[in-house]
Amino acid sequence: MSRPAAAGPKDAAPSPGPLDGLRVLDLATLFAGPLAATLLGDFGAEVIKIEHPHRPDPARGHGPAKDGVGLWWKLLGRNKRTMTLNLSHPDGREVLLRLAAGADVVIENFRPGTLEKWGLGWAELSAVNPRLVLARVTGFGQFGPYARRPGFGTLAEAMSGFAAITGEPDGPPTLPPFGLADGIAALTASYAVMAALRGREATGRGQVIDLALIEPLLTVLGPHPLWYDQLGHVQPRTGNRSANVAPRNTYRTADGSWVAVSTSAESVAERVMRLVGRPEVIDEPWFATGAGRARHADELDAAVGDWISRHDRDEVLAAFELAEAAIAPVYDVRDVLADPQYAALGSITEVPDDELGPLRMQNVLFRLSETPGAIRWAGRPHGADTDEVLAALGLDEGEITGLREAGAL
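Residues numbered from 1 in each chain as written. Predicted model: local features only at pLDDT ≥ 70, side-chain atom pairs only at ≥ 80, totals over all residues. Heavy atoms only, no water.

The name given to the chain in an unreviewed UniProt entry is CoA transferase, with the source organism recorded as Streptomyces endophytica.

See below:
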């Protein structure tokens, strides 16, 4: 069930994980915040997912379901205990503060001011636990003219500049068909949590993380602001081509498959052009730089595309591999699940589940040789662990029943 250690057997027993002993309260919904908590849980953190009693995380209903059970949640909710708690209820507030007193991290993505309205802002949380780290993931950050706007990944993909450079030159700006901005923000948030925890070792105090969805994707896009600042350059849409190298594109094979070719290094570009029968272009002065080759992308693409179109995919892949030229088949999920490299890495693993039986899903994100992560269970039903979590806080059965009857659970 766990991803194997770098040099260990594939079926080695899961270790506690390097984050064992870390307690995380996941108050967030949908994707960026909850996925950050998932990444921490994958490496041993104890994650308690807190949802409203009557309005569970909408991620439970996103995408296809089986037998009424949302499959995306099985991935997003893995390694989390689930409990219900009405944070806007006075009794729910008190329970949250008791939980926060024994936690290391709280992750939330409410609009700025919402926790404060409930009496659960940084002042109250840090008062009960000065060592707490509060990660606040919002569309636009905690301050500024857009701070109180509703924010989603799609807006970040538009405002970061990603959509403007994605798509064909004569086509519209193009959005990704998946949660790109949310995913990158989740990776960033988990890194930010670890940085804040490391800071706590030095200061003895926790702190607030203010992460806006519009920022991580802007960083990943690279030097666009620098190019504009220094050169006035605005990158146009170029489809699958690159403004920096060529040939670089997707090409259709004789049997109707697609492959992707990259020639970031000049030596690789030379191998590709020899392979496709156009070695004479290598001697052209413009071939010596990526930018020069990009200016002649029409000619290079035509040569590569013509050769690939006359061979089946397996022939193309074998020839490129023999020539030590960079190529990859364009996969859909069926290909991913059948690929021997993914199989060797253990990138997809099988997780037992009480509701749906064995589930195949992505494994933990990377391999650690000494303290590997593990998937201990898939996403659990709404509120499944409420009584257990509260009992661990010292509440007896009568108190739990009273909270539930009062509408706090």
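> Mind showing me how you'd approach the nonpolar core here?
In summary, soluble globular proteins display a tendency toward joint burial of nonpolar side chains. If you look at the biggest cluster of nonpolar residues, it comprises 42 residues, and the most contacted ones within it are Val 24, Leu 40, Ala 45, Val 105, Ile 107, Val 193 and Ile 209. Counting residues per element, the ones that place at least two in this core are helix H1 (32-42), strand E6 (105-108), strand E7 (133-138), helix H7 (180-203), strand E8 (208-212) and strand E13 (359-362). Element by element, the count of residues in this core is highest for H7, at 10 residues. Residues Met 83, Leu 96, Ala 103 and Leu 120 belong to the second largest nonpolar core, which totals 27 residues. (Core = buried A, V, L, I, M, F, W, Y, C linked by side-chain atoms within 4.5 Å. Buried < 20%, exposed > 50% of the residue type's maximum accessible area, 1.4 Å probe, protein only. Helix = DSSP H or I, 4+ residues; strand = E, 2+ residues; numbered from the N terminus.)

> Just to check I follow, could you spell out the packing of aromatic side chains for this structure?
Describing an aromatic ring pair means giving the distance of the ring centres and the angle of the ring planes. Counting across every chain of the model gives 6 aromatic pairs. When the centroid spacing of 4.4 Å and the interplanar angle of 25° are considered together, the rings of Phe 31 and Trp 72 count as stacked. Taken together, the positions of Phe 31 in the loop between strand E1 (23-26) and H1 and Trp 72 in helix H2 (residues 71-76) put the pair 41 residues apart, joining distant regions of the chain. Overall, Phe 31 belongs to the buried group, its relative accessible area being 15%. Each ring, one from Phe 43 and one from Phe 366, has its centre 4.4 Å from the other, and the planes form 15°; the classification is stacked. You can see Phe 43 sitting in the loop between H1 and strand E2 (46-51) and its partner Phe 366 sitting in the loop between E13 and helix H16 (386-392), a full 323 residues away along the chain. Taking relative accessible area as the criterion, Phe 366 reaches 40% and is therefore assigned partly exposed. Seen from the ring of Phe 287, Arg 293 lies directly overhead, with NZ or CZ sitting 5.4 Å from the centre. The ring of Trp 377 carries the charged tip of Arg 376 above its face, separated from the ring centre by 5.4 Å. (Phe/Tyr/Trp six-rings, centres within 6.5 Å; stacked < 30°, edge-to-face > 60°. Lys NZ or Arg CZ within 6 Å of the ring centre and 35° of its normal.)

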